[in-house]
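# Structure assessment
Chain residues, written in single-letter form:
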Amino acid sequence: MADTAPTAPLRSPLSQVADRLAAATRTSGGAIRLAELPFLAQIDVRLDVKGAATDAVGLALGLRLPLEPDTVVRAGELTALWLGPDEWLVAAAAGSQRDLERRIREAVGDEPVSVTDVSAQRTTLLVTGPRARDLLAHGCSLDLHPRAFGPGRCAQTTLGRTQVVLIARDEPRAGFWVLVRSSYAGHLAHWLLDAATEYV
(Lines give C-alpha, C1' and ligand atoms only; values in the text may rest on other atoms or scores of the structure.)
Protein backbone atom coordinates (compact mmCIF):
# COMPACT_ATOMS: atom_id res chain seq x y z
CA MET A 1 0.00 0.00 0.00
CA ALA A 2 1.38 3.43 -0.94
CA ASP A 3 2.27 5.89 1.81
CA THR A 4 -0.08 8.86 1.41
CA ALA A 5 1.25 10.91 4.32
CA PRO A 6 2.33 14.41 3.28
CA THR A 7 6.09 14.74 2.98
CA ALA A 8 6.38 18.46 2.32
CA PRO A 9 6.74 20.71 5.39
CA LEU A 10 3.68 22.68 6.38
CA ARG A 11 3.55 26.16 4.91
CA SER A 12 1.77 28.88 6.83
CA PRO A 13 -0.67 31.23 5.08
CA LEU A 14 1.73 34.16 5.53
CA SER A 15 5.06 32.47 4.86
CA GLN A 16 5.50 34.56 1.69
CA VAL A 17 5.29 37.86 3.60
CA ALA A 18 7.20 36.87 6.74
CA ASP A 19 10.28 38.83 5.62
CA ARG A 20 8.19 41.95 4.92
CA LEU A 21 6.53 41.72 8.35
CA ALA A 22 9.97 41.45 9.97
CA ALA A 23 11.29 44.37 7.90
CA ALA A 24 8.35 46.58 8.93
CA THR A 25 9.07 45.69 12.55
CA ARG A 26 12.75 46.65 12.20
CA THR A 27 12.18 49.90 10.34
CA SER A 28 9.48 51.10 12.76
CA GLY A 29 12.15 51.69 15.38
CA GLY A 30 10.20 49.74 17.99
CA ALA A 31 6.87 51.48 17.34
CA ILE A 32 5.21 48.30 16.08
CA ARG A 33 5.93 44.61 15.75
CA LEU A 34 4.19 42.45 13.16
CA ALA A 35 4.54 38.68 12.99
CA GLU A 36 2.54 35.58 12.17
CA LEU A 37 1.92 32.99 14.87
CA PRO A 38 1.24 30.06 12.54
CA PHE A 39 -0.56 26.80 13.22
CA LEU A 40 -2.07 27.62 16.63
CA ALA A 41 -4.44 24.90 17.77
CA GLN A 42 -8.03 26.19 17.65
CA ILE A 43 -10.98 24.19 18.91
CA ASP A 44 -14.53 25.50 18.56
CA VAL A 45 -16.79 24.39 21.43
CA ARG A 46 -20.57 24.75 21.49
CA LEU A 47 -22.62 23.71 24.49
CA ASP A 48 -25.51 24.67 26.74
CA VAL A 49 -24.01 27.03 29.30
CA LYS A 50 -26.57 25.87 31.88
CA GLY A 51 -25.66 22.20 31.47
CA ALA A 52 -23.10 20.11 33.30
CA ALA A 53 -20.72 20.21 30.31
CA THR A 54 -19.60 23.79 31.06
CA ASP A 55 -17.98 22.82 34.36
CA ALA A 56 -16.69 19.54 32.93
CA VAL A 57 -14.89 21.33 30.09
CA GLY A 58 -13.46 23.85 32.55
CA LEU A 59 -12.07 21.09 34.76
CA ALA A 60 -10.61 19.22 31.79
CA LEU A 61 -8.84 22.34 30.50
CA GLY A 62 -7.86 23.85 33.84
CA LEU A 63 -9.71 27.08 33.11
CA ARG A 64 -13.28 28.31 33.32
CA LEU A 65 -14.96 29.12 30.03
CA PRO A 66 -15.63 32.89 29.99
CA LEU A 67 -19.33 33.65 30.46
CA GLU A 68 -19.19 37.42 29.97
CA PRO A 69 -19.58 38.48 26.33
CA ASP A 70 -16.39 39.35 24.44
CA THR A 71 -14.01 38.25 27.18
CA VAL A 72 -10.95 36.01 27.28
CA VAL A 73 -9.71 33.63 29.97
CA ARG A 74 -6.12 32.37 29.96
CA ALA A 75 -4.39 29.59 31.87
CA GLY A 76 -0.85 28.69 30.90
CA GLU A 77 -0.77 28.18 27.13
CA LEU A 78 -4.55 27.89 26.82
CA THR A 79 -6.77 30.81 25.81
CA ALA A 80 -10.57 30.55 25.79
CA LEU A 81 -12.56 33.20 23.91
CA TRP A 82 -16.28 33.93 24.29
CA LEU A 83 -17.72 34.00 20.76
CA GLY A 84 -21.42 33.75 21.57
CA PRO A 85 -23.89 32.68 24.27
CA ASP A 86 -23.16 29.01 23.53
CA GLU A 87 -19.85 29.17 21.64
CA TRP A 88 -16.19 29.42 22.62
CA LEU A 89 -12.87 29.16 20.83
CA VAL A 90 -10.05 27.44 22.70
CA ALA A 91 -6.59 28.30 21.36
CA ALA A 92 -3.33 26.64 22.35
CA ALA A 93 0.15 25.78 21.15
CA ALA A 94 0.60 24.41 17.66
CA GLY A 95 0.11 20.67 17.41
CA SER A 96 -2.02 20.31 20.55
CA GLN A 97 -5.42 20.22 18.83
CA ARG A 98 -5.91 16.44 18.96
CA ASP A 99 -5.11 16.32 22.66
CA LEU A 100 -7.41 19.28 23.37
CA GLU A 101 -10.25 17.78 21.39
CA ARG A 102 -9.83 14.42 23.14
CA ARG A 103 -9.78 15.99 26.61
CA ILE A 104 -12.95 17.97 25.93
CA ARG A 105 -14.81 15.00 24.42
CA GLU A 106 -13.85 12.72 27.30
CA ALA A 107 -14.89 15.34 29.86
CA VAL A 108 -18.38 15.92 28.45
CA GLY A 109 -19.28 12.27 28.00
CA ASP A 110 -22.83 11.99 26.68
CA GLU A 111 -23.67 15.69 27.10
CA PRO A 112 -24.86 17.36 23.87
CA VAL A 113 -21.70 19.24 22.87
CA SER A 114 -20.12 20.20 19.55
CA VAL A 115 -16.31 20.05 19.48
CA THR A 116 -14.70 21.00 16.17
CA ASP A 117 -11.04 21.38 15.24
CA VAL A 118 -10.88 24.64 13.25
CA SER A 119 -7.10 25.07 13.44
CA ALA A 120 -6.69 25.15 9.65
CA GLN A 121 -9.42 27.74 9.24
CA ARG A 122 -7.47 30.73 10.55
CA THR A 123 -3.98 31.99 11.14
CA THR A 124 -2.92 34.48 13.79
CA LEU A 125 -1.16 37.81 13.39
CA LEU A 126 0.65 39.34 16.35
CA VAL A 127 0.47 43.14 16.46
CA THR A 128 2.39 44.73 19.33
CA GLY A 129 4.35 47.84 20.19
CA PRO A 130 3.51 51.32 21.50
CA ARG A 131 1.67 52.23 18.28
CA ALA A 132 -0.20 48.93 17.84
CA ARG A 133 -3.57 50.43 18.83
CA ASP A 134 -3.06 53.35 16.45
CA LEU A 135 -2.20 50.98 13.61
CA LEU A 136 -5.28 48.82 14.19
CA ALA A 137 -7.52 51.88 14.57
CA HIS A 138 -6.78 52.78 10.93
CA GLY A 139 -9.08 49.99 9.79
CA CYS A 140 -11.22 48.96 12.76
CA SER A 141 -14.41 50.69 13.90
CA LEU A 142 -14.10 49.49 17.51
CA ASP A 143 -13.03 51.88 20.24
CA LEU A 144 -9.60 50.39 20.97
CA HIS A 145 -8.78 52.66 23.91
CA PRO A 146 -7.61 50.51 26.86
CA ARG A 147 -10.64 51.62 28.90
CA ALA A 148 -12.98 50.16 26.25
CA PHE A 149 -10.88 47.31 24.84
CA GLY A 150 -8.28 46.45 27.41
CA PRO A 151 -6.52 43.21 28.32
CA GLY A 152 -8.83 40.23 28.46
CA ARG A 153 -11.22 41.52 25.80
CA CYS A 154 -12.01 40.02 22.40
CA ALA A 155 -14.39 40.87 19.57
CA GLN A 156 -15.51 39.58 16.21
CA THR A 157 -15.09 42.62 14.01
CA THR A 158 -13.59 43.84 10.75
CA LEU A 159 -10.08 45.12 10.18
CA GLY A 160 -9.15 46.50 6.80
CA ARG A 161 -12.54 45.25 5.53
CA THR A 162 -11.63 41.72 6.59
CA GLN A 163 -13.53 39.71 9.21
CA VAL A 164 -11.30 38.93 12.18
CA VAL A 165 -11.35 37.97 15.82
CA LEU A 166 -9.39 40.64 17.69
CA ILE A 167 -7.91 39.80 21.10
CA ALA A 168 -6.30 42.24 23.53
CA ARG A 169 -3.58 40.24 25.27
CA ASP A 170 -3.18 40.00 29.04
CA GLU A 171 -0.82 42.92 29.40
CA PRO A 172 -0.87 46.14 27.35
CA ARG A 173 2.68 45.51 26.12
CA ALA A 174 1.66 42.05 24.88
CA GLY A 175 -0.42 43.75 22.19
CA PHE A 176 -3.04 41.97 20.13
CA TRP A 177 -3.75 38.72 18.39
CA VAL A 178 -5.65 39.06 15.12
CA LEU A 179 -7.25 35.78 14.04
CA VAL A 180 -8.05 35.88 10.33
CA ARG A 181 -9.30 33.27 7.90
CA SER A 182 -6.37 31.76 6.03
CA SER A 183 -7.82 32.73 2.65
CA TYR A 184 -7.89 36.42 3.68
CA ALA A 185 -4.60 36.45 5.60
CA GLY A 186 -2.53 37.75 2.68
CA HIS A 187 -4.91 40.64 2.06
CA LEU A 188 -4.88 41.61 5.74
CA ALA A 189 -1.09 41.35 5.98
CA HIS A 190 -0.69 43.67 2.98
CA TRP A 191 -3.19 46.10 4.52
CA LEU A 192 -1.22 46.13 7.80
CA LEU A 193 2.07 46.62 5.96
CA ASP A 194 0.60 49.53 4.02
CA ALA A 195 -0.87 51.12 7.16
CA ALA A 196 2.43 50.60 8.99
CA THR A 197 4.33 52.82 6.54
CA GLU A 198 3.31 55.74 8.76
CA TYR A 199 5.68 54.41 11.42
CA VAL A 200 8.70 53.53 9.27
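Higher on the page you've got the structure.
Bear in mind the structure is a predicted one, so any value in this text is a computation, not a measurement. (Residues numbered from 1 in each chain as written. Predicted model: local features only at pLDDT ≥ 70, side-chain atom pairs only at ≥ 80, totals over all residues. Heavy atoms only, no water.)

### Examining the nonpolar core
Selection criterion: Residue types Ala, Val, Leu, Ile, Met, Phe, Trp, Tyr and Cys, when buried and joined through side-chain atoms within 4.5 Å, form a set referred to as a nonpolar core. Summary of the burial criterion: residues with accessible area below 20% of their type's maximum are buried, those above 50% are exposed, and those between are partly exposed, where the area comes from a 1.4 Å probe applied to protein chains only. A run of H or I in DSSP becomes a helix once it reaches four residues, and a run of E becomes a strand once it reaches two; helices and strands are each numbered from the N terminus. Any two residues whose heavy atoms approach within 4.5 Å are treated as being in contact.
Formed by 32 residues in total, the largest nonpolar core has its most connected members in Leu-34, Leu-135, Leu-136, Val-178, Leu-188 and Leu-192. Secondary-structure elements contributing two or more residues to this core are helix H1 (18-27), strand S7 (122-128), helix H4 (132-137), strand S8 (154-159), strand S9 (162-168), strand S10 (176-181) and helix H5 (182-195). Of the residues forming this core, the biggest block, seven residues, is contributed by H5. Those residues in contact with Leu-188 that lie beyond four places of it in its chain are Leu-125, Leu-159, Thr-162, Val-164, Val-178 and Val-180. Of all hydrophobic cores here, the second largest spans 19 residues; its members include Ile-43, Trp-88, Ala-92 and Val-115.

### Some thoughts on the pairing of strand S2 (residues 41-46)
The line we're drawing: Paired strands are those between which DSSP finds at least two bridges.
The buried fraction of S2 amounts to five of the six residues, a majority that puts the element mostly inside the structure. When S2 meets strand S6 (residues 114-117), the two strands line up antiparallel, connected through four bridges. The residue of S6 that forms the bridge with Asp-44 is Thr-116.

### Quick notes on the pattern of salt bridges
To be explicit about the condition: In what follows, salt bridge is the name for a side-chain nitrogen of Lys or Arg lying within 4 Å of a carboxyl oxygen of Asp or Glu.
Summed over all chains, the structure comprises ten salt bridges. In this structure, the salt-bridge partner of Glu-101 is Arg-105, at a minimum N-O distance of 3.1 Å. Residue Glu-101 and its partner Arg-105 are located together in helix H3 (residues 97-108), separated by four residues, close to a single helical turn. Residue Arg-105 is classed as partly exposed on the basis of its relative accessible area, which comes to 42%. The salt bridge involving Arg-131 is made with Asp-134; its shortest N-O contact spans 2.6 Å. In this structure Asp-134 comes out as partly exposed when scored by relative accessible area, which is 35%. It is possible to trace a salt-bridge network through shared partners that takes in Asp-99, Arg-102, Arg-103 and Glu-106.

Spatial relationships are all this shows, so hold off on functional conclusions.
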